[in-house]
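# Results of the structural survey
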Amino acid sequence: MSDNNNQWPLWEIFIRSKNGLEHRHVGSLHAADAEMAIENARDVYTRRMEGVSLWVVESKDITASNPENMGELFEPAIDKVYRHPTFYDVPDEIKHM
Amino acid sequence: MSPEINLEKAFQDRIDKGEKIEPKDWMPEKYRKTHIRQISQHAHSEVVGMLPEGNWITRAPSLKRKCALLAKVQDEAGHGLYLYSAAETLGISRDEMIEQLHSGKAKYSSIFNYPTLSWADMGAIGWLVDGAAIINQVMLTRTSFGPYARAMVRICKEESFHQRQGYEIMMVLASGTPEQKEMAQDALNRFWWPSMMMFGPRDEESTNSELSMKWKIKRKSNDELRQQFVDNSVPQAEYLGLTIPDPDLKWNEERGHYDFGDIDWNEFWQVVKGDGPCNKERMEARQNAWDNGKWVRDAAMAYAEKQSKSKSIAV
Ligand SMILES: [Fe+2]
Ligand SMILES: [Fe+2]
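The residue numbers shown here count from 1 along each chain, following its written sequence. Numbering of ligands from 1 and lettering of chains from A proceed in the order in which they are written. Since the coordinates come from a predicted model, pLDDT governs what is reported: local features require at least 70, and pairs of side-chain atoms require 80 or more to be given and counted, while whole-chain, interface and lining totals use all residues. In computing side-chain properties, one takes all heavy atoms of the structure into account and sets aside hydrogens as well as water.

### Topic: the coordination of the iron ion (ligand 2)
Residues and elements named next belong to chain B.
- In this description, a donor is an N, O or S atom within 2.8 Å of the metal centre, a cutoff extended to 3.2 Å for sodium, potassium and calcium. Water is not part of the atom list, which can make sites seem incomplete. The coordination sphere of the iron ion (ligand 2), as far as protein atoms go, consists of Glu76 (OE), Asp130 (OD), Glu159 (OE) and His162 (ND1), spread over 2.0 to 2.2 Å.
- Every donor counted, the four donor atoms about the iron ion (ligand 2) form angles of 83 to 167° at the centre, which fits irregular coordination.
- The motif formed by the donor residues of the iron ion (ligand 2), counted along the single chain, is E-x53-D-x28-E-x2-H.
- Between the iron ion (ligand 2) and the iron ion (ligand 1), a spacing of 3.3 Å is present, and a bridge between the two is formed by glutamate 76. Geometry assignment treats four donors as tetrahedral when all angles are between 85 and 135 degrees, treats four as square planar and six as octahedral when opposite donors are over 155 degrees apart and all others between 65 and 115, and treats everything else as irregular.

In structure tokens form, the structure reads like this:
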């Protein structure tokens, strides 16, 4: 809306809360470059040991699916119940399955 | 039905089913505007809220209290940032929000227009002001707009420390010398009513309430939240041996709640409209911080541009 071009770009922040877990999106912030984005993310999002690793990605580099295409993207999975184990009848006395 | 009405109906159905709305989803323009207003004003409150407490950082009575206060004020900066980025998902820029704050177009919570005159005010603010904020924010963790709800979850996790460190300050003062207890009582006297005002106008005078409920932005009314605050605070004050400055405060057996006296709504509107004790001072401090920080923002940007240019030449 505002056309202030001197605004620091927006970065999306991802945190791995501990080794063994995936990085998870936590929010965004402004920074002049990637290095500053990591430093700012440390201050904004990990003041209480919330993470052991950070990813920063400039928001403009993310391509998101359009919610209006939700149907065509995700509906095809709805009627494929045969992809789930409960679709198949196996008697109770069969163990380890 | 026109396509617009269809969309509105589908939107309302999603809200009624308890679904969250995400930034790229279709939403009524009023829903977007209301959120931009509410979230940005919430962000401004966090940021301006640093000023009254910042006033005491260098004068904290011990290293322990100084560390706690610094950490709390830093959290409030973080809260402001979570909220600004939640508002930005709706298409307003950070600079535009800051412009609106400085021009007076956007408001912030009136509580921060009261001065912090003694160290005991750090106790009263943590206990009462953060306490009132928590009641509001816990409700907002279930608000319908996803980024706002997620910011609230993050904020609520951090708020409990704010309230407890404040209450502990009050406890130490209230069990200290008569002068210290007097300081604590004085801080309670000054912050009680402004804290009660934090929940906003009475339900019958609150213009946005109905729509806020329908869209599940709010899930409890101003008066319900205020009652909850009173019910929480009375036993806490009793434990401290301090007196809440309200002669009408009385347990109502039938309602199962405390009755309380009238808020001075003239004072409320006067402070909202800009004539509180510190409105001018707060805005000046924000404006100065923005102006004096300009060269830093520009230098960082120039450095980043230079770095990326020299990188692309090297490639
Ligand atoms: Fe906060
Ligand atoms: Fe707080």
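### Section: the confidence of the model for chain B
- Confidence scores here are pLDDT values: one per residue, from the predictor, ranging 0 to 100. Residues at a pLDDT of 70 or more form 99% of chain B, whose mean pLDDT is 95.
- Confidence estimates for the predicted assembly give a pTM of 0.93 and an ipTM of 0.88.

### Some points on helix α6 (residues 120-140) of chain B
- Helical segments are the DSSP runs of H or I of at least four residues, strand segments are the runs of E of at least two, and each set is numbered from the N terminus. Multiplying one less than the number of residues by 1.5 Å gives the expected span of a helix. With 21 residues, α6(B) extends 29 Å from end C-alpha to end C-alpha; this agrees with the ideal 30 Å at 1.5 Å per step.
- Partly exposed residues are those whose accessible area sits between 20% and 50% of the maximum for their type, while under 20% is buried and over 50% is exposed, using a 1.4 Å probe and protein chains only. Taken across its 21 residues, α6(B) has 19 buried, putting it largely inside the fold.

### Some points on the interface of chain A and chain B
- Whether two residues are in contact is decided by their heavy atoms, any of which lying within 4.5 Å being enough. Every contact between the two is made by 22 residues of chain A and, on the other side, 26 residues of chain B.
- Buried area, as used here, totals the accessible surface that two parts lose on assembly, with accessibility defined by a 1.4 Å probe and the loss added over both. Approximately 2,100 Å² of surface area, both sides summed, lies buried where chain A meets chain B, with 50% of it carried by carbon and sulfur atoms.
- Here, a salt bridge means any Lys or Arg side-chain nitrogen found within 4 Å of an Asp or Glu carboxyl oxygen. Viewed at the interface, chain B and chain A are joined by four salt bridges.
- One salt bridge in this structure joins Glu158(B) and Arg48(A), with 3.5 Å as the shortest N-O distance.
- Among the secondary structure elements, those contributing two or more residues to the side of chain A that touches chain B are β2 (23-30) and α1 (34-45) of chain A.

### Quick word on the coordination of the iron ion (ligand 1)
Residues and elements named next belong to chain B.
- Bound to the iron ion (ligand 1) are the protein donor atoms Glu46 (OE), Glu76 (OE), His79 (ND1) and Glu159 (OE), situated 2.1 to 2.5 Å from the metal.
- One chain supplies every donor to the iron ion (ligand 1), and in sequence these donors are spaced E-x29-E-x2-H-x79-E.
- Given the relative accessible area of 8%, glutamate 46 is considered buried.

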